[in-house]
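# Observations on chain architecture
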Amino acid sequence: MLDQAKGLYVVAQTPFAQDGAVDLASVDTLCDFYLQHGASGLTVLGVAGEAGKLSQEESVAVAGRYIRRAQGKPVVVGVSNPGIAQLRELTARVMDLGAAGVMVTPPGGLRTEEELFNYFAGVFQQIGNVPTVLQDFPFSSGTWMSVSSILALVERHPQIQLLKEEDLPSITKITRLREGQGRRIAILTGNNGMFLPLEMGRGIDGPMSGFSHPEMLSGVYDLCVRGQVQEANDLFDLYLPLLSYENQSQWGVAVRKEILRQRGAIACAAMRSPGPKLTATDHAEIEFLLARLRRALAQRR
């Protein structure tokens, strides 16, 4: 059950070959990499996974490949779409493949609470009793959900078992959500993990974010759960320069994929067009930050 989710649910990348074709072999190696570095679950076909660039058939193929490779770990599949018919079709297909649930964010253009409620009523009328992650990411979706609206959606729709919270400021919203909750759901947070130690202190159940070094995200979570808050922050600080460098929207995804390539997790760092391409200066900065991280980790030992 997703309402019991805990730990790191990595936001997975979609690997592509240099010609833009989906690289399913690299899905296998990347999935293995995530699991080896502490992932409790995976979130695929999200914004950072370039879901909007995939066809329906490619989406099903990528999701299915992750599900088969995940060694029984839960895989959440992003199915967000302004068109509920398309959302329903993808939901049915990935659930048939063994997904743990789906992630839905409201489409852009919803201006009132009534429109928000009507949209989700339509979604759940179509997809039925499917475990669902409600994604609160207004800077991507263009639709802002208040705390009271989120809590009302949770009470109206038992299918909502998990909230991915990545509004800003996330920490104050998390506190208000926890204080106002009736039925308890899991809360995982995105925003590239930028505020993870503080969010853990506010009562989240773990990160749902991507980073080229997922061992930091899982490590910070584990330390916080054990009550080693200072040690968790110390670990976080070692990675913070690289983490903040990656936290730059789609350009940051290009950086992340290049580092994943260097770490042997994927064969090619390409993003599907339209997408940024790194320059020689970008590559030099990446190497500087990675060398700095290696020194810091060596000193820590």
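Provided above is the structure to which this section pertains.
Quick summary incoming for the structure in this document. (Residues numbered from 1 in each chain as written. Predicted model: local features only at pLDDT ≥ 70, side-chain atom pairs only at ≥ 80, totals over all residues. Heavy atoms only, no water.)

## Observations regarding the state of the cysteines
- Applying the stated criterion to the full structure yields zero disulfides.
- Free of any disulfide, C268 has its nearest cysteine sulfur in C31, 19 Å distant.
- Residue classification places C268 among the buried positions, given a relative accessible area of 13%. (Disulfide = S-S within 2.5 Å. Buried < 20%, exposed > 50% of the residue type's maximum accessible area, 1.4 Å probe, protein only.)

## Side note on the sheet that holds strand β5 (residues 132-136)
- Sheet architecture is open: eight strands sit in the order β1-β2-β3-β4-β5-β6-β7-β8, paired in parallel fashion. Bordering the open sheet on either side are β1 (8-11) and β8 (206-207), each of which pairs with just one other strand.
- Here strand β7 (residues 186-189) runs beside β8; their pairing, made up of two bridges, is parallel. Following the sheet pairing, T189 is matched in β8 by P207.
- The strands touched by helix α6 (residues 147-156) within the sheet are β5 and β6 (160-165), with β6 carrying the most contacts at an inclination of about 160 degrees. (Pairing = 2+ DSSP bridges. Helix = DSSP H or I, 4+ residues; strand = E, 2+ residues; numbered from the N terminus. Contact = heavy atoms within 4.5 Å. Axes fitted to C-alpha atoms, helices over the stretch in contact; angles between N-to-C directions.)

## Brief notes about empty space enclosed by the protein
- The final tally for this structure, using the stated rule, is one cavity of 30 Å³ or more.
- Approximately 40 Å³ is the volume found for the largest cavity.
- As for the largest cavity, its lining consists of L238, Y239, P241, L242, L289, R292 and L293.
- Listing elements by their share of the lining of the largest cavity, those giving two or more residues are α10 (229-246) and α12 (280-300).
- Looking at the lining of the largest cavity element by element, the count peaks at four residues for α10.
- Class assignment for the residues of the lining of the largest cavity results in six nonpolar, no polar and one charged. (1 Å grid on protein atoms, 1.4 Å probe; cavity = no way out; pocket = protein on both sides within 12 Å on 5 of 7 lines; lining within 4 Å. Points joined across faces, edges and corners; volume = space filled by probe spheres on them. Nonpolar A, V, L, I, M, F, W, Y, C, P; charged D, E, K, R; others polar.)

## What about unusual backbone geometry?
- The omega torsion of the bond from L168 to P169 falls at -5 degrees, within 30 degrees of zero and hence cis.
- By secondary structure assignment, the location of P169 is in the loop between β6 and α7 (170-180).
- Here S273 and P274 are connected by a cis peptide whose omega angle stands at 0 degrees.
- With respect to the element layout, P274 can be found in the loop between α11 (249-262) and α12.
- A positive phi angle, close to 55 degrees, is found at Q71, a residue other than glycine.
- Mapped onto the fold, Q71 is located in the loop between α2 (56-69) and β3 (75-78).
- Positive phi is not limited to glycine here, since N191 has a value of about 55 degrees.
- Judged by its relative accessible area of 13%, N191 is buried.

## A look at the pairing of β6
- Burial runs high along β6: six of the six residues are buried.
- Inspection of the sheet shows β5 paired to β6 by five bridges, in the parallel sense. Looking at the pairing, Q135 lines up with K164 of β6.
- Each parallel crossover has a hand, and for β6 linked through α7 to β7 it is right-handed. (Right-handed = clockwise from strand over helix to strand, strands pointing away.)

## Things to note about the packing of α2 against helix α3 (residues 84-97)
- Where α2 meets α3, the closest approach of the two axes is 10 Å, and the angle between their N-to-C directions is 30 degrees. Considering the angle they form, α2 stands roughly parallel to α3. Seen along the crossing, α2 lies across α3 with a hand that is right-handed. Contacts from Q56, E57, S59, V60, A63, G64 and I67 of α2 reach α3 at Q86, E89, L90, R93, V94 and L97.
- When grouped by side-chain class, the residues that make up the contact of α2 with α3 number six nonpolar, four polar and three charged. (Parallel < 35°, antiparallel > 145°, perpendicular 65-115°, else oblique. Left-handed = near helix turned anticlockwise from the far one by under 90°.)

## Description of the pattern of salt bridges
- According to the stated counting rule, one finds 18 salt bridges in the structure shown.
- Between D28 and R65 there is a salt bridge, and its shortest N-O distance comes to 3.0 Å. Residue D28 is found in helix α1 (residues 24-36), and its partner R65 is found in helix α2; the two are separated by 37 residues along the sequence.
- On the accessibility criterion, R65 (25% relative accessible area) is partly exposed.
- A salt bridge links R294 to E287, with the nearest nitrogen and oxygen atoms 2.6 Å apart.
- Among the residues examined, R294 registers a relative accessible area of 48% and is labelled partly exposed. (Salt bridge = Lys/Arg side-chain N within 4 Å of Asp/Glu carboxyl O.)

## A look at the environment of I150
- Counting through the fold element by element, I150 comes out in helix α6.
- With 31 residues separating them along the chain, I150 and Q181 place their C-alpha atoms 9.6 Å apart.

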